[in-house]
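Chain by chain, the residues:
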Amino acid sequence: MQSHEAHELPVTVQIDGETGRWSVDGLPMVLVPQHLLVNNLDAVERHVGRDCSAELFRGAGRSSARHWCAHEATRLGLSGAAIVRHYLDRLTRRGWGRFEIDELDPVHGVLQVRVAHSALLSVAGSTRSVDRACYLFEAWLEGALEYASEDSSRVAVREIQCAVNAEECVFTSN
Ligand SMILES: [Zn+2]
């Protein structure tokens, strides 16, 4: 049974009284309908294919994750594995899915994460149908791992199992 009771937001949203702009943890934030997000991905994939789409978004995802981690490291004094844990906790709180860490060793570029209820899967109002549907998270995890290891050498993270055709999504650097 799914429950849909009203909850307090699991992150604190600051709203600028003058501009109406939102921010969370001091970074600008928007609340986006999930079907819009999924439909945008679907449009790109129909045009260039899933693999090309993944490569198109990879650089932006990596640098955005690094930017987020640097911001939070400065604000909270976190580093190493702690910043990756904080990142996945915030992704979970902001509704991207339930991120659970199985393995994490930034120094050695090791990470395995399971994601249940990924927000990148098709929802009512969208018709997206690709496998390895949550490839955006690959780049986000790569960027966080890269930041935490203080090593700019490229770590590759892959979604090796997706809830499109399995119980949950699994991402690994191995
Ligand atoms: Zn997935």
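Procedures and definitions
Residues numbered from 1 in each chain as written. Predicted model: local features only at pLDDT ≥ 70, side-chain atom pairs only at ≥ 80, totals over all residues. Heavy atoms only, no water. Helix = DSSP H or I, 4+ residues; strand = E, 2+ residues; numbered from the N terminus. Buried < 20%, exposed > 50% of the residue type's maximum accessible area, 1.4 Å probe, protein only. Contact = heavy atoms within 4.5 Å. Donors = N, O, S within 2.8 Å, 3.2 Å for Na, K, Ca; no water. Tetrahedral: all angles 85-135°; square planar, octahedral: opposite > 155°, others 65-115°. Phe/Tyr/Trp six-rings, centres within 6.5 Å; stacked < 30°, edge-to-face > 60°. Polar contact = N/O pair within 3.5 Å; in protein donor to acceptor, adjacent residues only side chain to side chain. Pairing = 2+ DSSP bridges. UniProt positions renumbered as here; feature names shortened; annotations may be inferred. Axes fitted to C-alpha atoms, helices over the stretch in contact; angles between N-to-C directions.

## Focus on the side chain of Asp 42
So, point 1. Of note, Asp 42 is situated in helix H1 (residues 34-48).
So, point 2. Judged by relative accessible area, Asp 42 falls into the buried class, the value being 9%.
So, point 3. Contacts of Asp 42, omitting those with residues within four sequence positions, involve Thr 127 and Arg 128.

## Some words on the coordination of the zinc ion
So, point 1. All of the protein donors around the zinc ion are Cys 134 (SG), Glu 159 (OE), Cys 162 (SG) and Cys 169 (SG); their distances to the metal are 2.1 to 2.4 Å.
So, point 2. In this structure, the zinc ion is coordinated by 4 donor atoms arranged in tetrahedral fashion, with angles at the metal of 100 to 117°.

## With respect to the side chain of Thr 172
So, point 1. Relative to the helices and strands, Thr 172 is located in strand E7 (residues 169-172).
So, point 2. Those residues in contact with Thr 172 that sit more than four places away from it in its chain are Leu 111, Gln 112, Ala 156, Val 157, Arg 158 and Ile 160.

## Describing the packing of aromatic side chains
So, point 1. Considering all chains together, one arrives at 6 aromatic pairs under this definition.
So, point 2. Seen in terms of ring centroids, Trp 96 and Phe 137 are 6.3 Å apart; in terms of plane orientation they differ by 85°. Their pairing is edge-to-face. Here Phe 137 lies in helix H4 (residues 135-149) and Trp 96 lies in the loop between helix H3 (80-93) and strand E4 (98-105), a separation of 41 residues in the sequence.

## So, the environment of Arg 128
So, point 1. Inspection of the secondary structure puts Arg 128 in the loop between strand E5 (110-116) and H4.
So, point 2. Residues Arg 128 and Ala 116, spaced 12 residues apart in sequence, show a C-alpha to C-alpha distance of 18 Å.
So, point 3. Once you skip the residues sitting within four places of it in the chain, Arg 128 turns out to touch Val 38, Leu 41, Asp 42, Glu 45, Leu 120, Ser 122, Ala 133 and Tyr 135.
So, point 4. A distance of 2.7 Å separates the side chain of Arg 128 from the side chain of Glu 45, its partner in a polar contact.
So, point 5. Within the structure, Arg 128 has its side chain in polar contact with the backbone oxygen of Leu 120 (distance 2.7 Å).

## Quick word on the pairing of E4
So, point 1. Taken together, the 7 bridges between E4 and E5 define a ladder with antiparallel strand orientation. What sits directly across from Leu 104, in E5, is Leu 111.
So, point 2. Connecting the antiparallel pair E4 and E5 is a turn made up of 4 residues, with Gly 109 showing a positive phi of about 65°.

## Here we look at the UniProt feature "domain: DUF5943" (unreviewed entry) in the protein chain
So, point 1. Taken from the UniProt record, the annotation "domain: DUF5943" (unreviewed entry) applies to residues 11-101.
So, point 2. The span residues 11-101 is 62% helical and 14% strand by assignment, and the distance between its end C-alpha atoms comes to 20 Å.

## Observations concerning the sheet that holds E5
So, point 1. Pairing within the open sheet is antiparallel, and its 4 strands lie in the order E4-E5-E7-E6. Edge positions in the sheet fall to E4 and strand E6 (158-161), since each of these pairs with one other strand and no more. Strand-to-strand, the axes of this sheet are offset by a mean angle of 25°, without reference to chain direction.
So, point 2. In terms of strand pairing, E6 meets E7 through 3 bridges, oriented antiparallel. Counterpart to Glu 159 in the pairing with E7 is Phe 171.
So, point 3. On top of the sheet, H3 reaches E4 and E5; it is set at about 165° to E4, its chief contact.

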